[in-house]
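# Structural description and commentary
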Amino acid sequence: MVGRSVLVTGGSGGLGGAVVTAFVEAGWRVVVPKRDARPGSEPATGVVRLVADLSDPVDVTRAVDVAAGEPTAPLRAVVNLVGGYASGGLVHETPVDVFERMLTVNLRPTYLVTQAALPHLMSSGAGAVVCVSARAAVSPFPGAAGYVTAKAAVLAFANAVAVEYRHRGVRCNTVLPSVIDTPANRAAQPDADHSRWVTPAEIAPVIRFLASAESAPTSGATVPVYGRA
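Residues numbered from 1 in each chain as written. Predicted model: local features only at pLDDT ≥ 70, side-chain atom pairs only at ≥ 80, totals over all residues. Heavy atoms only, no water.

This next bit is on the overall build of the chain. Along the backbone of the chain there are seven helices and seven strands. Put simply, the chain runs from its N terminus to its C terminus through helices and strands in the order β-α-β-β-α-β-α-α-β-α-β-α-α-β. Computed over its C-alpha atoms, the radius of gyration of the chain comes to 17 Å, within 12% of the 17 Å expected for a compact globule of 229 residues. Overall, the chain is about 50 × 35 × 35 Å in size when its C-alpha atoms are taken along their principal axes. Of the contacts made within the chain by residues no fewer than 6 positions apart, 68% connect residues no fewer than 24 positions apart. Accessible surface computed for the chain: about 10600 Å², of which carbon and sulfur atoms make up 57%. Across the chain, the mean location of the 19 positive side-chain charges is 6 Å away from that of the 17 negative side-chain charges. (Helix = DSSP H or I, 4+ residues; strand = E, 2+ residues; numbered from the N terminus. Rg over C-alpha atoms; globule rule 2.2 N^0.38 Å. Contact = heavy atoms within 4.5 Å. Areas by Shrake-Rupley, 256 points an atom, 1.4 Å probe, with all protein chains shown as cover. Lys, Arg positive; Asp, Glu negative; His and termini not counted. Charge placed at Lys NZ, Arg CZ, Asp CG, Glu CD.)

Take the pattern of salt bridges next. A complete count under the given rule lists five salt bridges for this structure. A salt bridge links D53 to R35, with the shortest nitrogen-to-oxygen separation between them at 3.1 Å. Here the residue D53 occupies a position in the loop between β3 (47–51) and α2 (57–67), and R35 occupies one in the loop between β2 (29–34) and β3, the gap between them amounting to 18 residues. Looking at D53, the relative accessible area reads 24%, which means it is partly exposed. Among the salt bridges present, the one from E42 reaches R49, with a minimum N-O distance of 2.9 Å. Classification of E42 as buried rests on a relative accessible area of 8%. Beyond isolated ion pairs, a larger network of salt bridges with shared partners links K34, E42 and R49. (Salt bridge = Lys/Arg side-chain N within 4 Å of Asp/Glu carboxyl O. Buried < 20%, exposed > 50% of the residue type's maximum accessible area, 1.4 Å probe, protein only.)

The subject of this paragraph is the environment of V8. Here V8 is to be found in strand β1 (residues 5–9). Among the residues examined, V8 registers a relative accessible area of 0% and is labelled buried. It is 10 Å that separates the C-alpha atoms of V8 and V47, two residues lying 39 residues apart in sequence. Not counting chain neighbours up to four residues away, the residues in contact with V8 comprise V19, V20, V30, V31, V32, P33, V79 and L81.

Turning our attention to helix α1 (residues 16–25). Within α1, burial applies to G16, G17, V19, V20, A22 and F23. Lining the buried residues of α1 we find β1, β2, β3, β4 (75–80) and α7 (200–211). G27 sits one or two positions beyond α1 and adopts a positive phi of about 90°.

So this is what it looks like as structure tokens:
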């Protein structure tokens with residue numbers, strides 16, 4: 001995959017470091033926009049970093065321009081990892097601003113980044129978008145209606161992109177993790193059976209495959225990555 005760029009949002013997070021590493025090891029030019037300049041979980045070398053607020057259309061356009069700005073490594077893929085989780089009460093106990101916050105955190109960056117990148121991916125004739133939803137989108141649990149709805153919206157959006165751009169040279173697929181085995185999740189659920197969770201290192205090759213030419217016939221797929229959870 002030498003001579004290709006990928007834009008990875010959320011590349012400094014618990015899953016992001018493993019995903020970025022997978023692309024770097026495969027020879028991709030990897031662009032990682034971050035909210036601030038502090039180091040994250042991504043590799044120290046082999047990555048193009050920039051500070052950007054991915055809820056801001058101006059910052060998103062700038063990040064995509066950087067990703068698409070290397071003539072010897074045109075933008076071929078976008079990986080939408082950025083998102084967040086917040087639990088709450090039942091629906092009648094959850095303020096609408098808490099509910100809407102989950103949509104803003106999970107859906108807005110995915111929409112803005114994909115929207116800005118699509119013209120570049122179309123021009124390449126062989127672009128790919130990979131979105132990260134969650135098992136909760138298809139198997140909800142109580143106390144997180146905002147998160148469940150937002151992740152379901154990400155899945156629906158990805159499927160819409162797959163349909164709209166299937167004849168324009170752009171594929172879009174979605175992975176659905178269960179609980180990801182990250183330090184933050186372990187701290188939040190210290191008594192859980194962590195051996196059943198899926199690790200970032202297990203998810204990363206799946207995402208890289210969906211972004212690569214090896215998965216060229218595949219678009220509109222919903223891929224479960226549950227581990228043993």
